[in-house]
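Below are the chains, spelled out letter by letter.
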Amino acid sequence: MGEAWQWPYKSTGRVRALVLLALGVVKVATAEQLRQLVLPGTADAQTVRNACKDLRHAGLVESVGKTSRPGKAAQQLWNLTTAGLAAAAAELGRPVREMGGTARDAAKAGAAHALAVSDTIDAFRQSPPLATKPIARRGTDSGVPSLPAQARQVLVRPPGLGHLRGWETEVALPVTGTFATPTKGSLRADAVLTAPEDGVPVLFVEVDNHTEPAAVVARKIERYQKFFQRQVKDHRGRDVAMWSTLWEDSGRGGFPPVALVFAKDVGAEARLNRMKAIRDVSRPCWEGKWQSDHGWHVAPEGEEREGWWSFDGTVPVIATHLGQLKAKGPHGPIWWRFGRAEWQTLADALTNTNTREDYLARDEQRRQEREAARVVEDQLVRDELERWQESWECPSCGTDFTPDTVGEDGYQPAEGGRCPTCERVHRELQAERAAAEDAARSNGILARLRARAEGQ
C-alpha cells in the first residue's frame, strides 16, 4: 500500500530514473521528447508522462509551462526542481555544481529554444526503438474472447552518435573568469557532445532558431575562438589550453569543431542565405592560412599554388538543418563545412584537407616518382652504353653501328660485317655485275652462232 501511495501513477523505478537522467541533460522537455530520448520503443508518451507525474508527486520535477509552437497543440513542459537537479546529478554521475539550473524560467516562457536543443540531441542520437512486448486486447463483453496481440511496426532510424550521458547543455565557456563563475562576454554552449567511442572529437553544438541576426551568431563563433585560445597553468606550471582541461584533445590539430544546427524551417533558399551570411561574417575565425616553403601567401586566383593550409588557431564550423539531421542522421552527407563547396559526411567535414601533412606526402610522392624516373633513365643509359660497346665500324663506310641494327630487308650484320646500307649497295653491285656477265656471255654465244651460220 505504501508503494502505491508513494507512486500513485504506478511508474516503474527504471522509467523514473531514465526521465531524471534525460531532464538532467536537456533541462526541459515535453513527455514526447523524453520518450524519444530514453524510451523510443514505447507506443506513446503515457508511460513517460506517468513517470513525470510520479516524480512531481515526489517533488523532483514540475510542470510550470506549456509549449507554444505555431500550428501544434500545446503540451506540458517538464523541468527539474532543485531537489530533482540533485537526483539527476546522481543518475548522471556528475557533481551538482556542474548541472546548471532548473530551467524553470525557460519552461514558463515556453522554452522554444530548449525544445529545439532537445530535438537536436535526439536527432544526433537516433536512439533505435526497441519493440515492447505486444499485449493482447480484452474483449468488451465477458463472452467475447481476447483479441490476439499485434506486433507493432518499429521505425528504422539511421545510425546515431553518442550516448545521452555524453551530452551536456548550457555549458559555460568562460572567455574570462572560471567555469563556475564566467565573467561578462563569456558564452554558454547550447550543447556539448563527448563521444570518443565513435571516433569524433568533442563537438560544440549551437542550435539556431532564426531569432537572432546572422552577425550575432557569427560573434558567438568569435567568442568560441577566444575561449579556445585561452591558456591556463596546469599542475606542472605549463601553459595549456583551458578547454583541454575539461575535454580530451582528439589530436586532429586546431581547435574543437562547432556544429551549427538550423532548427527553423524557413525554406531552403532562406536557410542557405543565412548560412552564407554567418559564414562570411565569421570568416576570420574559421578560414585557414595558406603557407608555402617561402612563407605565408595566397596566390592570385587561377595561379597554381604549391603549399598547404594551416588551421592552427581556427575554429572548424560545420552546418546542417535539423530536418536533414533527423532524416539522415549525423553520419549522412548533410554537413557543410564553411570554406568548402559540397555537402559531406561528418567524418569528411571534420577532416582538415590540404594540410602540411598532405603537402609533405605529395612532396614525398613526387620525390619517389623522380627517383623512379631517374632509375629508369640510368638504366636506359647503361643499356645504350652496353650496345655501343659492342659496336664496330663498317669496313666500307666507317660508320659505327651495333649488332642489333637491322636493315629494311631484315639484314642483320655479323660482327665485323658491313652496315645494312653498305650491304645493300654491295648486293646491288654484285647483282649488276652478275647481270653484265650474263649479258656478255649471251652476246658471245650469239655472235659465234651467227658466224657459223654465215659460213655455211
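Residues numbered from 1 in each chain as written. Predicted model: local features only at pLDDT ≥ 70, side-chain atom pairs only at ≥ 80, totals over all residues. Heavy atoms only, no water.

Enquirer: Sorry if this is basic, but what is going on with the overall build of the protein here?
Expert: When its secondary structure is counted, the protein shows 14 helices and 16 strands. Taken across its 456 residues, the protein has 39% of its residues classed as buried. Sequence-distant contacts in the protein: of pairs separated by 6 or more residues, those separated by 24 or more amount to 59%. Accessible surface computed for the protein: about 26,200 Å², of which carbon and sulfur atoms make up 52%. (Helix = DSSP H or I, 4+ residues; strand = E, 2+ residues; numbered from the N terminus. Buried < 20%, exposed > 50% of the residue type's maximum accessible area, 1.4 Å probe, protein only. Contact = heavy atoms within 4.5 Å. Areas by Shrake-Rupley, 256 points an atom, 1.4 Å probe, with all protein chains shown as cover.)

Enquirer: Is there a simple way to explain the state of the cysteines in this structure?
Expert: Simply put, the disulfide is a covalent bond whose two ends are the sulfur atoms of two cysteines. Using the criterion set out here, one finds zero disulfides in the structure. Free of any disulfide, Cys394 has its nearest cysteine sulfur in Cys422, 3.6 Å distant. Looking at Cys422, it has no disulfide partner, and the nearest cysteine sulfur is the one in Cys397, 3.5 Å off. Classification of Cys422 as buried rests on a relative accessible area of 13%. (Disulfide = S-S within 2.5 Å.)

Enquirer: Looking at this structure, how should I read the nonpolar core?
Expert: Nonpolar side chains tend to gather and get buried jointly when the protein is soluble and globular. Counting 54 residues, the largest nonpolar core has Val19, Ile121, Phe124, Val205 and Trp335 as the members making the most contacts within it. It is helix α2 (residues 13-26) that provides the largest number of residues to this core, a total of eight residues. With residues up to four places along the chain from it excluded, the contact list for Val205 reads Thr120, Phe124, Trp167, Ala189, Asp190, Ala191, Ala259 and Val261. Tyr224, Phe228, Ala241 and Cys285 belong to the second largest nonpolar core, which has 30 residues in total. (Core = buried A, V, L, I, M, F, W, Y, C linked by side-chain atoms within 4.5 Å.)

Enquirer: How do you make sense of unusual backbone geometry when you look at a structure like this?
Expert: Peptide bonds are, in most cases, trans, and in most cases residues other than glycine have a negative phi. Phi is positive for Lys10, close to 60 degrees, though the residue is something other than glycine. Assessed through its relative accessible area of 69%, Lys10 is described here as exposed. In this structure, His210 takes a positive phi of about 65 degrees despite not being glycine. Relative to the helices and strands, His210 resides in the loop between β6 (203-208) and α8 (214-229). With a relative accessible area of 31%, His210 lands in the partly exposed category.

Enquirer: Looking at this structure, I do not really get the packing of helix α3 (residues 31-38) against helix α4 (residues 46-57). What am I missing?
Expert: A pair of packed helices is characterised by two quantities: the angle between their axes and the separation of those axes. The interhelical angle for the contact between α3 and α4, taken along N-to-C directions, is 110 degrees, at an axis separation of 8 Å. As the angle between them shows, α3 and α4 are arranged roughly perpendicular. The way α3 lies across α4 gives a crossing that is right-handed. Here Ala31, Leu34 and Arg35 of α3 come into contact with α4, specifically with Val48, Arg49 and Cys52. Residues of the contact of α3 with α4, tallied by class, amount to four nonpolar, no polar and two charged. (Axes fitted to C-alpha atoms, helices over the stretch in contact; angles between N-to-C directions. Parallel < 35°, antiparallel > 145°, perpendicular 65-115°, else oblique. Left-handed = near helix turned anticlockwise from the far one by under 90°. Nonpolar A, V, L, I, M, F, W, Y, C, P; charged D, E, K, R; others polar.)

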